[in-house]
2 protein chains.
Amino acid sequence: MKSDLFFVGIDGGGTKCRARIEDSDGILIGESISGPANIMRDSVLAKRSIVEAIEKAIAVSELSIHHEQCVVGAGLAGANIAQAAEKFGEWSHPFRQMHLLSDLHAACLGAHNGQDGAAIITGTGSSATCWNNGVFTDIGGHGFPIGDVASGAWLGLKAVQHTLLCLDGLRKEDELSATICEALNTQNANDIVSVCATFNTHHFAALVEQILPLLYISIDSVVSLFKEGAKYIESVANVLLANNDCSLAMIGGLSTIYSQHLPSEIRARTVSSKSSPQQGALFFAKTRFFDFQSSNLTGE
Amino acid sequence: MKSDLFFVGIDGGGTKCRARIEDSDGILIGESISGPANIMRDSVLAKRSIVEAIEKAIAVSELSIHHEQCVVGAGLAGANIAQAAEKFGEWSHPFRQMHLLSDLHAACLGAHNGQDGAAIITGTGSSATCWNNGVFTDIGGHGFPIGDVASGAWLGLKAVQHTLLCLDGLRKEDELSATICEALNTQNANDIVSVCATFNTHHFAALVEQILPLLYISIDSVVSLFKEGAKYIESVANVLLANNDCSLAMIGGLSTIYSQHLPSEIRARTVSSKSSPQQGALFFAKTRFFDFQSSNLTGE
């Protein structure tokens, strides 16, 4: 008999929330996208985005599925922050079950199809984890500007700092400073201050698009910027992959660039992502659901 | 005949506004302190603080002085930002005249009693200028985190970044990471993220007090942190003092530490501040007032 249960995987970040719904046989029946779902930044909005994404995915399936038939795995930005996770856990949600994990953990589980493996994500932010013997070990992340070394935001900030040093006559002006001045539409340090006063991580990270062409033509300051980032990524990979035989998935917009800088022994262990973060979150929900079932059956 | 004019010097920053009022013979007749006066952050509050400080200084003088007898020099944080300065300039203030300059420029003029000279300020923030032949040349500043290298906020941020790298196993834990963990009351990276999420420049700079004892017992990571800051200060001093014979005033809470790290040829040119930033602002107001008078007399 086919179960009346459905499994949902959520990948929620600062701008989007993606949902994937499968039936109990693991057949994909719907996918959707809604708004922001970062529970650290705005927990109310995140919950709304999650419900909306699931309802849209159900609508896509064209099946009559009730909330209480859904076992949800929610991989959400901010879930690594204890306070935010605790508050989220108090939600009287309408679903059968809700299993929270971080967006990083969902991406890692997705990349390795639920098998043991490590992941380094470098996009607007940066973070890393290794899923091994049922335990996640996280490295980095921590947000901007105290952490997220090697991320797009970090690169953008470093490029702006370089430009200000050049405009102050403390470093030689070069293609990088010229490019940043052009991107910010000014030649003046005080104007850069005014523009950057309203910058968040996304604004700083957006500068990377302008900087990348300079990397390809080997401008010194840009090469050393990316080398500093790559050195950090390498040290993270070394810690992640020590004492295990896990593969490493490099994920995010900067992953290709940083992968090229990794030493050959680490590159030999890198693999492509097998599936998406929402599939990772769905796997997590399924595992937790059946763990719960079997522990109940065995009277644990 | 004694003039009915009075000159006021204002030193306004993010937390306090100091006023000094002198009669036309340069005799101090009143001083006072009021609230924040950073025109970049809150222009309305800054104006209120300025009026309050001047009225309090007048009250101290026990003389009957009207607003329109006061020629004011206002050395204000944020005055280096063109937009903020322009908006401030639109103020229909009740005083005879109002001459705006930055807090940095006021400090520099004060330090050298209005004579040519350079100043490097290192406290919560960092900035530098040289007043030479009637022109200010600024270096650095720019605010946190894009600028203010070597400042207290910069040192505090670097210390937190170091601590997170240690907790991630990417650096060896040491006295610095232990001290920061103790100051933030946690051993956990995620808790540090939560605590620092609400940090502003003052919170980061406040960590310096805890870090300083580690500098005095030469803890490697702390020594290299201050050396990096000192290297920046040295490069700023080199640019400020090139092609002139100006003296250099090192001002602010971190000035003594950084002064010790300067090479002997720069140390030989350092001097103590002769007077306060509000005296510098007052000097500025006086100069501008008499420049205006003489240009009117000569029909310029």
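Residues numbered from 1 in each chain as written. Chains lettered and ligands numbered in written order. Predicted model: local features only at pLDDT ≥ 70, side-chain atom pairs only at ≥ 80, totals over all residues. Heavy atoms only, no water.

- By the naming in an unreviewed UniProt entry, chain A goes by ATPase and is assigned to Alteromonas hispanica.

Looking at the relation of the copies chain B and chain A
For step 1, the next point in the chain: When chain B is brought onto chain A, the operation consists of a screw motion whose angular component is 180° and whose axial shift is 0.0 Å, with 0.0 Å RMSD remaining. What the superposition gives is, in effect, a two-fold axis relating one chain to the other. The position closest to the rotation axis in chain B is occupied by the C-alpha of P145 of chain B, lying 3.8 Å away.
For step 2, the next point in the chain: Residue by residue, 100% of the interface of chain B is reproduced at the interface of chain A, so both copies engage with the same surface. (Least-squares fit on C-alpha atoms with pLDDT ≥ 70 in both. Contact = heavy atoms within 4.5 Å.)

Quick look at the sheet that holds strand β8 (residues 135-139) of chain A
Residue and element names in this part refer to chain A.
For step 1, the next point in the chain: One open sheet holds the five strands; their spatial order is β8-β7-β6-β9-β10, and the pairing between them is mixed. With one partner strand each, in any of the chains shown, β8 and β10 (270-271) form the two edges of the open sheet.
For step 2, the next point in the chain: Here strand β9 (residues 248-251) runs beside β10; their pairing, made up of two bridges, is parallel. Of the residues in β10, the one forming a bridge with A249 is V271.
For step 3, the next point in the chain: Of the strands in this sheet, β6 (117-122), β7 (126-132), β8 and β9 are in contact with helix α9 (residues 220-241), which crosses β6 at around 160°. (Pairing = 2+ DSSP bridges. Helix = DSSP H or I, 4+ residues; strand = E, 2+ residues; numbered from the N terminus. Axes fitted to C-alpha atoms, helices over the stretch in contact; angles between N-to-C directions.)

A closer look at the state of the cysteines
For step 1, the next point in the chain: Throughout the structure, instances matching the rule amount to zero disulfides over all chains.
For step 2, the next point in the chain: Its sulfur unpaired, C196 of chain A is 10 Å from the next cysteine sulfur, which belongs to C181 of chain A.
For step 3, the next point in the chain: Left unpaired, C70 of chain B is separated from the closest cysteine sulfur, that of C17 of chain B, by 13 Å. (Disulfide = S-S within 2.5 Å.)

Some details on the packing of helix α5 (residues 175-184) of chain B against helix α8 (residues 208-216) of chain B
Residues and elements named next belong to chain B.
For step 1, the next point in the chain: It is at 10 Å that the axes of α5 and α8 come closest, and there the two elements cross at 155°. By the angle class used here, α5 and α8 are roughly antiparallel. Crossing hand, α5 versus α8: right-handed. On α8, the residues touching E175, L176, T179, I180 and A183 of α5 are Q210, I211 and L214.
For step 2, the next point in the chain: Here the contact of α5 with α8 is built from residues that sort into five nonpolar, two polar and one charged. (Parallel < 35°, antiparallel > 145°, perpendicular 65-115°, else oblique. Left-handed = near helix turned anticlockwise from the far one by under 90°. Nonpolar A, V, L, I, M, F, W, Y, C, P; charged D, E, K, R; others polar.)

Remarks on the side chain of S276 of chain A
For step 1, the next point in the chain: Here S276 of chain A is to be found in the loop between β10 and α12 (277-297).
For step 2, the next point in the chain: S276 of chain A has contacts with A106 and G110 of chain A, leaving out every residue within four places of it along the chain.

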